[in-house]
Amino acid sequence: MRILITGKYGQVGHELTRSLSCLGDVVTTDSKTLDLSKTEELAEKVEKLAPDLIVNAAAYTAVDKAETEQELAYKVNALAPQILAEVAKNRDIPLIHYSTDYVFNGCSDRAWTEDAETQPLNVYGRTKLAGELAISNATDKYLIFRTSWVYGARGANFLNTMKRLAIDKVQLSIVHDQVGTPTWARHIADVTAQVISQSHQQTDFWQNHSGVYHLSGAGRASWFDFAQQIFNLMAAQGHSVPKLHPITTRDYPTPANRPANSLLDNTKLKQHFDLALPDWQTTLEWVMSGEE
C-alpha cells in the first residue's frame, strides 16, 4: 500500500511517518513538495503520486493569524481537503484527515460528542469545519479525527513554550478558565496506524466506520493545570521553574476567541475501534521523562 502523508514536518505528520512506516510504502510531503495553498495544481500533483491512502496532516494552525489571513486559512483548511477528498473519490481510496475541538463554541459544561452542534468562534475553527463538511460531501471513504491541545517533544506547542519560558521567567500568568485535554501527537499517529490496520481486516470497514471521531487524551485540564504539571515535572528533574498565577480569558485578550470548554467525548472511538488514550498527566510524564 502506498500511503501519502501531507505535512511531514508538523507535529502529527512527523509522528505519522514513524507510525505508518510498517503499513506500506510511505510517501511524505511538505509545503515545498505539495503546497496545499496552491489549490489549482493540487489534484494533479496528488494523482501523480498515485496513493492508495491519503493521510492529510497538513493544516493552517496559526489560530490568531487566521483572523487576518482568512483566505489562506480557507484554502489550506477547507478547499485543499475538498480537493484531496475528490481525488480520493476518483481513485476509490480512503482519506484520513485531522480536525479540531475549535469547531465548537465551548458553551456546554459537558464533553462534546461528534453529533453536537458546531458553532466555531474563530476563523480557524470555521475553516476547519468547512474542511470537514467538504470531505463528507465529496467522498464516502473517510475518517476525520477531531483532536485537541496537541503537543509533543518537538515543534511549536504549549509544552515547548513553557519549557522555553521557564529559562528566564520568574513568574508567569496562565489562563485557568479554558478547559480541554492535552493530546500527545504520537498517540494520534499510533491510533491512526491501528485504525488503518483494522481497515485491512474488514472488507466492509469503510461502509461501517466512515465518519467523524473524537481523539484526545483522557482527563480534564485548564491551560493553568497543564502548565503547572509541566513545571512540577521540571522541578522534579532539578530545574528552576516560574511561579504561576491563574488569570481569566478576559485578562489575556487574543485576536481569536477561544472556546471555554474544549473537552471531547471519545466514546465513539472506543465503541468503533476499541481504542482509547491514557490520562493526559500520565502521558505528559512519559514525554518529559524521555520515554517516547
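Just so you know, these numbers come straight off a predicted model, no measurement behind them.

**Side note on the sheet that holds strand E10 (residues 211-214)**
As summarised here, the arrangement of the six strands in space is E2-E1-E3-E4-E5-E10, forming an open sheet in which the pairing is parallel. With partners counted over all chains shown, the strands left at the sheet margins are strand E2 (25-28) and E10, one partner each. Between one strand and the next, the sheet's axes are offset by a mean angle of 20 degrees, whatever the strand orientation. Pairing analysis gives four bridges linking strand E1 (residues 2-6) to E2, with the strands arranged parallel. Paired with Leu4 across the two strands is Val27, which belongs to E2. Strands in contact with helix H1 (residues 11-19) are E1, E2, strand E3 (53-56) and strand E4 (95-100); relative to E1, the strand with the most contacts, it is inclined by about 160 degrees.

**Topic: the packing of H1 against helix H6 (residues 185-201)**
Packing of H1 against H6 brings their axes to within 8 Å, and their N-to-C directions diverge by 45 degrees. As summarised for this structure, H1 and H6 are arranged oblique, according to the angle between their axes. Here H1 runs over H6; the crossing is right-handed. Together, Gln11, Val12, Glu15, Leu16, Arg18 and Ser19 of H1 and Ala185, Arg186, Ile188, Ala189, Asp190, Thr192 and Ala193 of H6 make up the contact between the two elements. The class makeup of the residues in the contact of H1 with H6 is six nonpolar, three polar and four charged.

**Quick word on empty space enclosed by the protein**
One way to see where empty space is left: roll a probe the size of a water molecule over the atoms. Within the structure shown, the criterion is met by two cavities of 30 Å³ or more. Of the volumes computed, that of the largest cavity is approximately 40 Å³. Lining the largest cavity, in full, are Tyr151, Pro182, Thr183, Trp184, His187, Gly217, Leu277, Pro278, Asp279, Trp280 and Thr283. Contributing elements (two or more residues each) for the lining of the largest cavity: strand E9 (183-184) and helix H10 (280-288). In this structure, the second largest cavity encloses a volume near 30 Å³. Contributing to the lining of the second largest cavity are Gln11, Glu15, Tyr151, Gly152, Ala153, Arg154 and Ala185. Taken together, the residues of the lining of the second largest cavity break down into three nonpolar, two polar and two charged.

**Here we look at the packing of helix H5 (residues 158-168) against helix H8 (residues 223-236)**
Running from N to C, H5 and H8 cross one another at 55 degrees; their axes reach a closest spacing of 10 Å. Here H8 runs oblique to H5, going by the angle between their axes. Between H5 and H8 lies a crossing whose hand is right-handed. Between H5 and H8, the contacting residues are Phe158, Leu159, Met162, Lys163 and Ala166 on the first element and Trp223, Phe226, Ala227, Ile230, Phe231 and Met234 on the second. Classifying every residue of the contact of H5 with H8 by side-chain character gives ten nonpolar, no polar and one charged.

**Things to note about the side chain of Thr283**
Position of Thr283 among the secondary structure elements: in helix H10. Classification of Thr283 as buried rests on a relative accessible area of 4%.

About the criteria used
- Residues numbered from 1 in each chain as written.
- Predicted model: local features only at pLDDT ≥ 70, side-chain atom pairs only at ≥ 80, totals over all residues.
- Heavy atoms only, no water.
- Pairing = 2+ DSSP bridges.
- Helix = DSSP H or I, 4+ residues; strand = E, 2+ residues; numbered from the N terminus.
- Axes fitted to C-alpha atoms, helices over the stretch in contact; angles between N-to-C directions.
- Contact = heavy atoms within 4.5 Å.
- Parallel < 35°, antiparallel > 145°, perpendicular 65-115°, else oblique.
- Left-handed = near helix turned anticlockwise from the far one by under 90°.
- Nonpolar A, V, L, I, M, F, W, Y, C, P; charged D, E, K, R; others polar.
- 1 Å grid on protein atoms, 1.4 Å probe; cavity = no way out; pocket = protein on both sides within 12 Å on 5 of 7 lines; lining within 4 Å.
- Points joined across faces, edges and corners; volume = space filled by probe spheres on them.
- Buried < 20%, exposed > 50% of the residue type's maximum accessible area, 1.4 Å probe, protein only.

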